[in-house]
Amino acid sequence: MTECSFTVLENEWITLKDGTRLSARIWMPDGAGQDPVPAVFEFLPYRKRDGTCLRDESTYPVFAAAGIAGVRVDIRGSGESDGVIDGEYTPLELANACELIAWIAAQPWSNGSVGMMGISWGGFNCLQVAALRPPALKAVISIASTVDRYNDDIHYKNGTHLSAQLSWAATMLAYQSRSPDPELSGNRWKEMWLERLENEPFFLEEWLTHQRRDEFWKHGSIGENFDDVTVPAMVIAGWADGYRNTPIRAIEGLGDKAKALIGPWVHKYPHFAWPKPRADFTGEAIAWWNRWLRGEENGIDTLPQMRAYILDSIRPAPRRDFDPGFWIGKDRWQAPDMMNFYADQFGMLIPGNPIPGAHDHDRYIRSPLDTGTASGEYFTLKPDVEMAIDQRGDDAGSLVVEGEVLEADLDVLGRPVLAMSVSCDADWANLCARLVDVHPDGTATRVSFGVLNLAHRDSYAEPKAVPKGEKVLIRIELDACGYRFRKGHRIRLSISTSYWPMILPPPSDPGVTIDMASLGFALPKLGGHEKITVKEPDNPDPLPKYIEHAPGATQRSVTRNLTENRTEYRIHEDTGLFEHPGNGLATRQLREELWSISPDDPLSMTGLSTWTCDMRRPNWFVRTISTARIACTATEWLISGDVKAYEEETQIFEKTFEKRIRRDFM
């Protein structure tokens, strides 16, 4: 299709049936009124005016130039939209999305076909909305999302409590506390702002009241019934991100309706993600939309069902701008053949299957509680030390089982699996298993990891205590990976009872005894494939440039106070102060996060996350300071939060949250 001109509607009010006005930014191809066009819809709480504008402006103008309208809508209570948000992927949010799709399809400029897309929140809810089958929704593109809200999101992972849950609760508190832009909201801006501040929920409280996989988490998890989704879905993720499992799970569940693409990336759109190589996301997306929203036979539906970038013997580094590797395609994904290993009596990782009772070699492991500081973030936004770094420090506190030097390259794609019998003297404990590539010089690259709360060994919905002193069989499915272990390297399996600060410790620290004769570890073979090329973007730098008034900065550090026997993990993220050149709004966000623990006391764990958010124009300045905290006793989680709001230098609002929540096998 020839490139066309377009118009940007900075703010379009869409009134829902309940009277709530939602704010939309629309990129409209010129002439759409005479020649109706398809539309792509994205529905987020991340503020189109100042939160997602950079990425929106790298994507939707390209769609509009190809004759596809872009409709970016703020969820109620965010940005310039009326009301107050009521939670994450709630029935109200999804019902609003269906209503908005119907509104788009009914517009005179619309051809009646709507696609929905997004990354993270928008990737989640486009799959969830697809499962509700609104008639005008014809296809989705979901990036960095999940099909299982309990086990594959920022809350819990196989029954363990992710620290990202506090981090994200603080993030949402900060986003929802921010003011609308008066330039769009007019004189109502302060009234709307105060309504949000007064009524916004503290998400952490709701999340912590559901510590097992109950109906709360099943809602919105399309893995409960993949058949609910009937439209084509392109599902994308990056190996460096926490949502790396979803493309495989989606094509296994959705079958021919889905296409998977997995690159080396962090939690970003593929056309500007790191590490490189990138992918031509906008080009592929336009072909996808033209195929399913216009009926154009362009071959996009004949792509291999699975396309994956196989990382080639990566070395950890303070920053990784490019990861070596190669693209492969599989026309049809099938469960991979597994290469099996067992642990011999000398603690070596040997190809083959375990022989129970072959040797009497139990190993007791009780990792220091600060084991895990090389883990990086659960989901990563930059290719720096948010990604996992050299594992040798964490491996020092772990049980390590290592193979012989490889005599040939070994390529894997899929999810490794660890099975073994364990025992412990408490009702539960946590385990972390890591697949590590050991380079000839000793450098240790984390390829994949998996965690398990032993109380959840048989059921995430109905955890139960471990029988004290008795061996129980457990299975840990590690995260998906695509990796080449080079000739001359070694494969290492590292097992620890702590992975802090990524996962929070249980109330006691009993250690775990592993029956080494029972240990079986399986790697998914790459298997049959073809080498393919994934086109890179024509524009190597698609993000627009804003006016810099103060530079950003990032810092992560680990401090071990030997005198006080305490370890601190500190995060400093400053976006800098940047002004949008088109609308003059300048914003800055500062995130300060501190995790602390004594290596021998699980009840010493604390977490603190504070956001300071500034918005300014000439003669107008507002600031919010949002804080979330967590600590614990043997029986309770102790959480608190507060929000302060300032207009110019005057504090105009303050609110606090505080709650004690019973620990439920966690």
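Above this note sits the structure.
The sections below set out a description of the structure shown in this document. Nothing here was measured: the structure is a model prediction, and the numbers come from that model.

Some words on the pattern of salt bridges
- Counted under the stated rule, the structure contains 66 salt bridges.
- As a salt-bridge pair, Glu10 and Arg25 come within 3.2 Å of each other at their nearest N and O atoms. Here Arg25 lies in strand 2 (residues 21–29) and Glu10 lies in strand 1 (residues 6–15), a separation of 15 residues in the sequence.
- Taking relative accessible area as the criterion, Glu10 reaches 32% and is therefore assigned partly exposed.
- Given a relative accessible area of 7%, Arg25 falls into the buried group.

Structural notes on the pairing of strand 23 (residues 490–496)
- A large share of strand 23 lies buried, amounting to 6 of its 7 residues.
- Relative to strand 23, strand 16 (residues 399–403) runs antiparallel, the two sharing 4 bridges. The residue bridging Val401 from the neighbouring strand is Leu493, located in strand 23.
- Inspection of the sheet shows strand 19 (residues 430–438) paired to strand 23 by 7 bridges, in the antiparallel sense. In the strand pairing of strand 23, Asp437 is matched with Ile491.

Considerations on the packing of aromatic side chains
- For the structure on display, the rule yields 29 aromatic pairs.
- For the ring pair Tyr46 and Trp168, a centre distance of 6.1 Å and an interplane angle of 90° mean the geometry is edge-to-face. Taken as a pair, Tyr46 in the loop between strand 3 (37–44) and helix 1 (53–65) and Trp168 in helix 4 (residues 164–177) lie far apart in primary sequence, 122 residues in all. Of the two residues, Tyr46 and Trp168, both sit in the buried class.
- Feature note: the residues Tyr46, Tyr89, Trp121, Phe124, Trp168, Tyr175, Tyr243, Tyr378, Phe379 and Trp611 constitute an aromatic cluster, connected by ring pairs.
- The ring of Tyr175 carries Arg178 above its face, with NZ or CZ at 5.0 Å from the centroid.
- In this arrangement the basic side chain of Arg663 is found over the ring face of Trp637, its NZ or CZ atom lying 4.0 Å from the centre.

Comments concerning the side chain of Glu57
- Position of Glu57 among the secondary structure elements: in helix 1.
- On the basis of relative accessibility, which here comes to 18%, the residue Glu57 falls in the buried class.
- A polar contact of 2.8 Å, which involves the side chain of Glu57, links it to the side chain of Tyr546.
- Setting aside chain neighbours within four positions, we find Glu57 in contact with Arg25, Pro544, Tyr546 and His580.

Definitions and cut-offs
Per chain, the residues get numbers from 1 upward, laid out in the order the sequence is written. Local features are withheld for residues below a pLDDT of 70 in this predicted model, meaning they are given only at 70 or higher, and side-chain atom pairs are given and counted only at 80 or more; totals for whole chains, interfaces and linings count all residues. With hydrogens and water excluded, all non-hydrogen atoms of the structure serve as input to the side-chain values. Any carboxyl oxygen of Asp or Glu within 4 Å of a side-chain nitrogen of Lys or Arg constitutes a salt bridge here. Where helices and strands are cited, they refer to DSSP runs of H or I of at least four residues and of E of at least two residues respectively, numbered from the N terminus. To sort residues, take the accessible area from a 1.4 Å probe on protein chains only and compare it with the maximum for the residue type: under 20% means buried, over 50% means exposed, and anything in between is partly exposed. At least two DSSP bridges between two strands are needed for those strands to be called paired. When two rings of Phe, Tyr or Trp (its six-membered ring) have centres within 6.5 Å they constitute a pair, described as stacked for plane angles under 30 degrees, edge-to-face for angles over 60, and tilted for the intermediate range. Look at NZ for Lys and CZ for Arg. If either is within 6 Å of the ring centre and within 35 degrees of the ring normal, a charge sits over the ring. Here a polar contact means two N or O atoms within 3.5 Å. Within protein one must be a hydrogen donor candidate and the other an acceptor candidate, and residues neighboring in sequence count only if both atoms are side-chain atoms. Residue contacts are counted whenever heavy atoms from the two residues lie within 4.5 Å of one another.

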